[in-house]
Amino acid sequence: MQASIVGDAMLGVTALRLEHSAKFGEVAVLFRRSAAGHVSYGYSAGSTFRTAVARAAVELARNEFVVGYYKLRSAASEVPNCFERRCLYFAGEEGHAEFLRKVFDRRPRRMAEWAVKFDGEVPGPWSKYATVWRVLPAMPSREYLDPKSSFFFW
């Protein structure tokens, strides 16, 4: 997977378009440095890049709020969930530098074959108000399951 910066940063947001082998549309990853100083991320897919960016913006706002909450509570070291710890790691200077190195690494590599593992509604108490739909691809490796890994995923 390769990434390229698309357009000018608005409100300090950088938008990346991910190149991939899926046939469904576009994937966007957004990031920006928050007023509190940490870096927040949002990612999503859509039939167009504009749709993917709009959806990723919602995730970026959510990420900024959650990371800000942990930072405000100074609770980063108390987080037992490895996915949330990774989120906090990538919000910091070291993690963001690693993110940028990986995103802009242009060395040739084998692209993982795109395979959908789940495509459907996620039912819950919210179902009477809204439909929550998720499409989950197969991960390129099992590394995301290793709690000590800095795999960019949440």
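These notes cover the structure that comes with them. Counting of residues starts from 1 at the beginning of each chain's written sequence and follows it residue by residue. Two thresholds apply to this predicted model, a pLDDT of at least 70 for residue-level local features and 80 or more for giving and counting side-chain atom pairs, whereas whole-chain, interface and lining totals are computed over all residues. Hydrogens and water molecules were not included; the side-chain quantities draw on all heavy atoms of the structure.

1. A look at the packing of helix α1 (residues 49–73) against helix α2 (residues 82–91)
Consideration 1: Only the stretch in contact is used when a helix axis is fitted, and all axes are lines through C-alpha atoms; the angle between N-to-C directions ranges over 0 to 180 degrees. Strands are runs of DSSP state E lasting at least two residues, helices are runs of H or I lasting at least four, and both sets are numbered from the N terminus onward. Between α1 and α2, the least distance of the axes is 10 Å, while the angle of their chain directions is 90 degrees. It follows that α1 is roughly perpendicular to α2 by the angle criterion. Between α1 and α2, the residues in contact are N63, V67, Y70 and K71 and E84, C87, L88 and A91, respectively.
Consideration 2: When the residues that make up the contact of α1 with α2 are grouped by side-chain class, the tally is 5 nonpolar, 1 polar and 2 charged. Small angles under 35 degrees read as roughly parallel and large ones over 145 as roughly antiparallel, with 65 to 115 read as roughly perpendicular and the rest as oblique. Contacts: residue pairs with any heavy atoms within 4.5 Å of one another. Gly falls in the polar group here, along with every residue not listed as nonpolar (Ala, Val, Leu, Ile, Met, Phe, Trp, Tyr, Cys, Pro) or charged (Asp, Glu, Lys, Arg).

2. Here we look at the packing of aromatic side chains
Consideration 1: Any pair of Phe, Tyr and Trp rings, taking the six-membered ring for Trp, is counted once the centres come within 6.5 Å. Such a pair is stacked with planes under 30 degrees apart, edge-to-face with planes over 60 apart, and tilted for the rest. Counted according to the given criterion, the structure contains 6 aromatic pairs.
Consideration 2: Centroid distance F31 to Y41: 6.2 Å. Interplanar angle 40 degrees. Geometry classified as tilted. With F31 in strand β3 (residues 26–33) and Y41 in strand β4 (residues 39–46), this pair connects stretches of sequence that are 10 residues apart. Y41 shares its class with F31; the two are buried. Think of it in three bands: with a 1.4 Å probe and only protein chains considered, a residue is buried below 20% of the maximum accessible area for its type, exposed above 50%, and partly exposed in between.

3. Remarks on α1
Consideration 1: For α1, built from 25 residues, the straight-helix expectation of 36 Å at 1.5 Å per residue is met to within 8% by its first-to-last C-alpha distance of 36 Å.
Consideration 2: Residues of α1 that are buried: F49, A52, A56, L60, N63, E64, V67 and Y70.
Consideration 3: Here the buried face of α1 lies against β2 (14–19), β3, β4 and α2. Working rule for helices: expected span equals 1.5 Å times residues minus one.

4. Thoughts on the pattern of salt bridges
Consideration 1: Here, a salt bridge means any Lys or Arg side-chain nitrogen found within 4 Å of an Asp or Glu carboxyl oxygen. This structure, assessed with the given rule, holds 5 salt bridges.
Consideration 2: One salt bridge in this structure joins E26 and R17, with 3.0 Å as the shortest N-O distance.
Consideration 3: The salt bridge involving R62 is made with E59; its shortest N-O contact spans 3.1 Å. A residue pair is termed a helical-turn pair when its members lie 3 or 4 positions apart in one helix, as R62 and E59 do in helix α1 at 3 residues.
Consideration 4: Judged by its relative accessible area of 40%, R62 is partly exposed.
Consideration 5: The partly exposed category is assigned to E59, whose relative accessible area is 27%.

5. Here's the deal with the packing of α2 against helix α3 (residues 93–103)
Consideration 1: Axis separation between α2 and α3 bottoms out at 4 Å; the angle between their running directions is 85 degrees. In terms of axis orientation, α2 runs roughly perpendicular to α3. Seen from α2, the contacting residues are Y89, F90 and A91; seen from α3, they are E93, E94, G95, H96, E98 and F99.
Consideration 2: Grouping the constituent residues of the contact of α2 with α3 by class yields 4 nonpolar, 2 polar and 3 charged.

6. Thoughts on the pairing of β2
Consideration 1: Criterion used throughout: strands pair if DSSP finds at least two bridges between them. In this sheet, β3 lies alongside β2 in antiparallel orientation, the contact comprising 4 bridges. Bridging from a neighbouring strand, L16 pairs with V29 of β3.

7. Here's the deal with the environment of A52
Consideration 1: Here A52 shows up in helix α1.
Consideration 2: Under the relative-accessibility criterion, A52 is labelled buried at 0%.
Consideration 3: C-alpha of A52 to C-alpha of V27: the two residues are 25 residues apart in sequence and 5.9 Å apart in space.
Consideration 4: In this view, A52 contacts E26, V27, A28, S44, A45 and G46; residues no more than four positions away in its chain are not counted.

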